[in-house]
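Chain by chain, the residues run as shown.
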Amino acid sequence: MTRHHRTPRILGTLLLVATAALTLGAGDRPAAAARGTTPFDRVVPAPASVQQGGAPYEISRSTRIRVDGTSGSRQVGEYLAQVLRPSTGYPLPLTTTGTGGIRLALGDGPFGAEGYRLTSDSRGVTITAGRPAGLFHGVQTLRQLLPPAVERKTAQPGPWAVAGGTVTDSPRYAYRGAMLDVSRHFFTVAQVERYIDELALYKINTLHLHLSDDQGWRIAVDSWPRLASYGGSTQVGGGPGGFYTKAQYQEIVRHAAARYVEIVPEIDMPGHTNAALASYAGLNCNGVAPPLYTGTNVGFSSLCVSKQETYDFADDVLRELAALTPGRYLHIGGDEAHSTSHADYVTFMDRVQPIVARYGKTVIGWHQLTGAHPVKGALAQYWGLDSTSAQEKAQVVQAARNGTGLILSPADRVYLDMKYTEDTPVGQDWAGLVEVRRSYDWDPGTYLPGVPASAVAGVEAPLWSETITTAADIDYLTFPRLPGVAELGWSPAATHDWDAYRLRLAAQGPRWDALGIGYYRSPQVPWAS
Ligand code: TNX
């Protein structure tokens, strides 16, 4: 430690006393509140470990963001600067020299792929991680330790103080996802990017895009151009629909990658394929293309399992999609294939899964895939309910025991398109009404008894779009439920506690106001205002 760094002895003694006094016990957080800083126990998702104490750090006009020369540290530094500059009005330059300020450093330590440590004292804030993703998650924690006004896009009065202490954090599960259905209603690149920004706030690291369904095909495929040009030309209720060009899709992928979010593209097959069947008559067993579909029924369409053309189609589509996708996964759907016989379903899945591997990707399918033969390494996405039959659950549990990983998306817990109450606008209720507590109050580790803990890859909150058309609709159904799912995916099981969680969640409300996110003001949560 240089002279420059050393704390005068008397101050050091005071700090020690303060640290002892301020280290958080359960329900004990008066000191930070008294100074106007956000206490560490208001962070969502709850960090693995927090030790609050010591003097706060105040961001000022002279604060610099110190990066370590690696491109990852610089990229996260630029991102942080873009968050902080508009509201603080400070220049916050990036630098590789000097001391103090906000330091983002890659280093050795027990951080894993996404973990980080954040320390704060009067001289500065240091975020250390093994990988850039960890620095990025640490930055999300730092945002939440600053006053909510930091999220505004115009200069605010401040002050901008971060409570003193240490957060040591890493995720419980590697897969923490959300899904957006861009097929039932199309959403623009800007709307998807906004969603990615919102997900990143809560350390979600995966966005699954449901790119095809009966009502619309949303991704350009060069070898089958009518899929997008015709199959993408409408949506639920009629209207123009839309699709992403390859350049637009890659822009979404880039935007996500800069926020350490992996895109998982889904082409739903063999059911949910009316848009494709309408675009190419040859994909139908009878050779006749059905009309485009703008209703909301499910289970009426199927690719023709006995035709070679079907597999040429699947090969071309998955090859082109794999080439656009740096992520590890291709989701091939497989749900609600009610118009495909069981034997045909198994035949289809047996032929299509190896195509995914041929293009270097790993299969994800909805959990009906476990009724066929999931290939080695495949993940099954469970979307059942409490009331799902014991037989269907047992099939999923057995697959997990045999090595199929599970992504948990129980519909009566984490389907973001379910209504909160009978009276809330937009959404569906086929899986039940899902208030905030219900979406948070379950444990992915024990949810399906008999599943080995190691088989649970993580959680995902799907947002189906039959009833929604705007960014405001997306926000309303997503907030405040998504942060709870994010916490189930990130935080240690030991932190799970509804009474504590609802206070953490309440503290997010003013942040969403500052970000322009309209949310459901659930009466279960003690919102501040
Ligand atoms: C079931 S969940 C579906 C979707 C619907 C959703 C509406 C799943 C794999 N299939 O086709 O959009 O319900 O909540």
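Calculation criteria
- Residues numbered from 1 in each chain as written.
- Predicted model: local features only at pLDDT ≥ 70, side-chain atom pairs only at ≥ 80, totals over all residues.
- Heavy atoms only, no water.
- Helix = DSSP H or I, 4+ residues; strand = E, 2+ residues; numbered from the N terminus.
- Rg over C-alpha atoms; globule rule 2.2 N^0.38 Å.
- Buried < 20%, exposed > 50% of the residue type's maximum accessible area, 1.4 Å probe, protein only.
- Contact = heavy atoms within 4.5 Å.
- Expected span 1.5 Å × (residues − 1).
- Salt bridge = Lys/Arg side-chain N within 4 Å of Asp/Glu carboxyl O.
- Phe/Tyr/Trp six-rings, centres within 6.5 Å; stacked < 30°, edge-to-face > 60°.
- Lys NZ or Arg CZ within 6 Å of the ring centre and 35° of its normal.
- Pairing = 2+ DSSP bridges.
- Polar contact = N/O pair within 3.5 Å; in protein donor to acceptor, adjacent residues only side chain to side chain.
- Near = heavy atom within 4 Å.
- Core = buried A, V, L, I, M, F, W, Y, C linked by side-chain atoms within 4.5 Å.
- Right-handed = clockwise from strand over helix to strand, strands pointing away.
- Axes fitted to C-alpha atoms, helices over the stretch in contact; angles between N-to-C directions.
- Parallel < 35°, antiparallel > 145°, perpendicular 65-115°, else oblique.
- Nonpolar A, V, L, I, M, F, W, Y, C, P; charged D, E, K, R; others polar.
- Left-handed = near helix turned anticlockwise from the far one by under 90°.

**Q** Explanation requested: the overall build of the protein chain in the structure shown.
**A** Looking only at helices and strands, the protein chain has 17 helices and 19 strands in total. Its C-alpha radius of gyration of 24 Å places the protein chain within 12% of the 24 Å reference for a compact globule of 529 residues. Principal axes of the C-alpha set define a box for the protein chain whose edges measure 85 × 45 × 40 Å. Here the protein chain holds 529 residues, and 57% of them are scored as buried. Across the protein chain, the fraction of contacts at a sequence separation of at least 24, relative to all contacts at a separation of at least 6, is 74%.

**Q** I'm lost on helix α7 (residues 246-257) in this one. Help?
**A** An α-helical turn contains 3.6 residues, so a residue and the one three or four places further along point in the same direction. For α7, built from 12 residues, the straight-helix expectation of 16 Å at 1.5 Å per residue is met to within 8% by its first-to-last C-alpha distance of 16 Å. Residues of α7 that are buried: Lys246, Tyr249, Ile252, Val253, His255 and Ala256. Looking at the packing, one finds that the buried side of α7 touches α5 (189-201), β11 (206-210), β14 (262-269) and α9 (308-324).

**Q** Sorry if this is basic, but what is going on with the pattern of salt bridges here?
**A** Oppositely charged side chains are able to pair whenever their charged atoms sit close together. As enumerated under the stated definition, the model contains 22 salt bridges in all. Note that arginine 184 is salt-bridged to glutamate 466, the shortest N-O span being 3.4 Å. In this pair, arginine 184 is assigned in the loop between β10 (175-181) and α5 and glutamate 466 in the loop between β19 (456-463) and α14 (471-478), connecting sequence segments 282 residues apart. Overall, arginine 184 belongs to the buried group, its relative accessible area being 2%. Assessed through its relative accessible area of 12%, glutamate 466 is described here as buried.

**Q** What's the story with the packing of aromatic side chains in this structure? I'm lost.
**A** The relation between two aromatic rings is expressed through the spacing of the ring centres and the mutual angle of the planes. Under the counting rule described, the total for this entry stands at 27 aromatic pairs. Among the aromatic residues, those joined into a ring-pair cluster are Tyr202, Phe479, Trp512, Tyr519 and Trp527. Directly above the ring of tyrosine 230 sits arginine 226, whose terminal nitrogen or CZ lies 4.5 Å from the centroid. One residue, arginine 351, lies across the ring of tyrosine 311, its end atom 3.7 Å from the ring centre.

**Q** Quick question: what am I supposed to make of the sheet that holds strand β6 (residues 116-121) here?
**A** Across the sheet, which stays open at both edges, the seven strands sit in the order β1-β9-β6-β7-β5-β3-β4 with mixed pairing between neighbours. Edge positions in the open sheet fall to β1 (49-52) and β4 (94-95), since each of these has one partner strand only. With five bridges connecting them, β6 and strand β9 (residues 165-169) associate as antiparallel partners. Directly across from serine 120, in β9, lies its bridge partner glycine 165.

**Q** Is there a simple way to think about the side chain of glutamate 151 in this case?
**A** By the secondary structure assignment, glutamate 151 is in the loop between α4 (132-145) and β8 (160-162). By relative accessible area, glutamate 151 is classed as buried at 3%. Here arginine 143 takes part through its side chain, which lies 2.8 Å from a polar atom of the side chain of glutamate 151. Residues in contact with glutamate 151, not counting those within four places in the same chain, are Val83, Arg143, Arg511, Ala514 and Leu515.

**Q** Help me understand the site of the ligand, please; the structure alone is not making it clear to me.
**A** Residues in contact with the ligand amount to 13 residues; listed here are only the nearest, Arg184, Tyr415, Asp417, Trp430 and Glu466. One of the side-chain nitrogen or oxygen atoms of arginine 184 is found 2.7 Å away from an oxygen atom of the ligand. In this structure, a nitrogen atom belonging to the ligand sits 2.9 Å away from a side-chain N or O atom of aspartate 335.

**Q** It is not clear to me how the nonpolar core should be interpreted in this structure. Could you clarify?
**A** For soluble globular proteins, the rule of thumb is that nonpolar side chains tend to be buried together. Counting residues in each nonpolar core, the largest one holds 102 residues, and the members touching the most others are Trp217 and Phe313. Per-element tally for this core: the top contributor is α9, with eight residues. In terms of nonpolar packing, the next biggest core, distinct from the first, is built from 35 residues, Tyr57, Leu84, Ile127 and Leu142 among them.

**Q** Help me out: how do you make sense of the pairing of strand β16 (residues 362-366) in this one?
**A** Side chains on a regular strand alternate between the two faces of the sheet. Most of β16 sits out of view: four of its five residues are buried. Direction of pairing for strand β15 (residues 329-333) relative to β16: parallel, over a ladder of three bridges. If you follow histidine 331 over to β16, its bridge partner there is isoleucine 364. Handedness of the crossover joining β15 and β16 through helix α10 (residues 342-358): right-handed.

**Q** Looking at this structure, how should I read the sheet that holds strand β17 (residues 379-382)?
**A** Ordered by their spatial adjacency, eight strands build a closed barrel running β10-β11-β14-β15-β16-β17-β18-β19, and the pairing between neighbours is parallel. Strand-to-strand twist of the sheet, defined as the mean angle between neighbouring strand axes without regard to direction, takes the value 30°. Examined bridge by bridge, β10 and β19 share six bridges and lie parallel to one another. Its bridge partner being in β19, tyrosine 175 is matched across the sheet by glycine 458. Of the strands in this sheet, β11 and β14 touch α7, which is tilted by about 140° from β14.

**Q** Would you mind going over the packing of α7 against α9 with me for this structure?
**A** One way to put it is that α7 packs onto α9 with a least axis distance of 10 Å and a crossing angle of 45°. When the axis of α7 is compared with that of α9, the two are oblique. For the pair α7 and α9, contact is made by Lys246, Tyr249, Gln250 and Val253 and by Glu320, Leu321 and Leu324, respectively. For the contact of α7 with α9, the per-class residue count stands at four nonpolar, one polar and two charged.

**Q** Sorry, what's going on with the environment of threonine 310 here?
**A** With respect to the helices and strands, the residue threonine 310 is situated in helix α9. Considering only alpha carbons, one finds threonine 310 and tyrosine 57, 253 residues apart in sequence, at a separation of 61 Å. Contacts of threonine 310, omitting those with residues within four sequence positions, involve Leu283, Leu303, Cys304 and Phe348.

**Q** Mind showing me how you'd approach the environment of arginine 131 here?
**A** Position of arginine 131 relative to the elements: it lies in the loop between β7 (124-129) and α4. Placed 17 residues apart in sequence, arginine 131 and glutamate 114 show a C-alpha to C-alpha distance of 6.6 Å. Setting aside its immediate chain neighbours within four residues, arginine 131 contacts Leu106, Gly112 and Ala113.

**Q** Looking at this model, I keep getting lost on the side chain of arginine 143. Mind explaining?
**A** Along the chain, arginine 143 falls in helix α4. A relative accessible area of 7% means that arginine 143 is categorised as buried. Polar contacts involving the side chain of arginine 143 include one to the side chain of tyrosine 79, which spans 2.8 Å.

**Q** Even after reading the chapter, I still don't get the packing of helix α15 (residues 481-490) against helix α16 (residues 498-506), so can you show me in this structure?
**A** Each pair of packed helices gets described by two things: the angle between the helix axes and the distance between those axes. Where α15 contacts α16, the axes come no closer than 11 Å and their chain directions differ by 125°. On the basis of the axis angle, α15 is oblique to α16. The element α15 and its partner α16 pack so that their crossing is right-handed. Contacts between α15 and α16 involve Pro483, Gly484 and Glu487 on the former and, on the latter, Tyr501, Arg504 and Leu505. Along the lines of polarity and charge, the residues of the contact of α15 with α16 split into three nonpolar, one polar and two charged.

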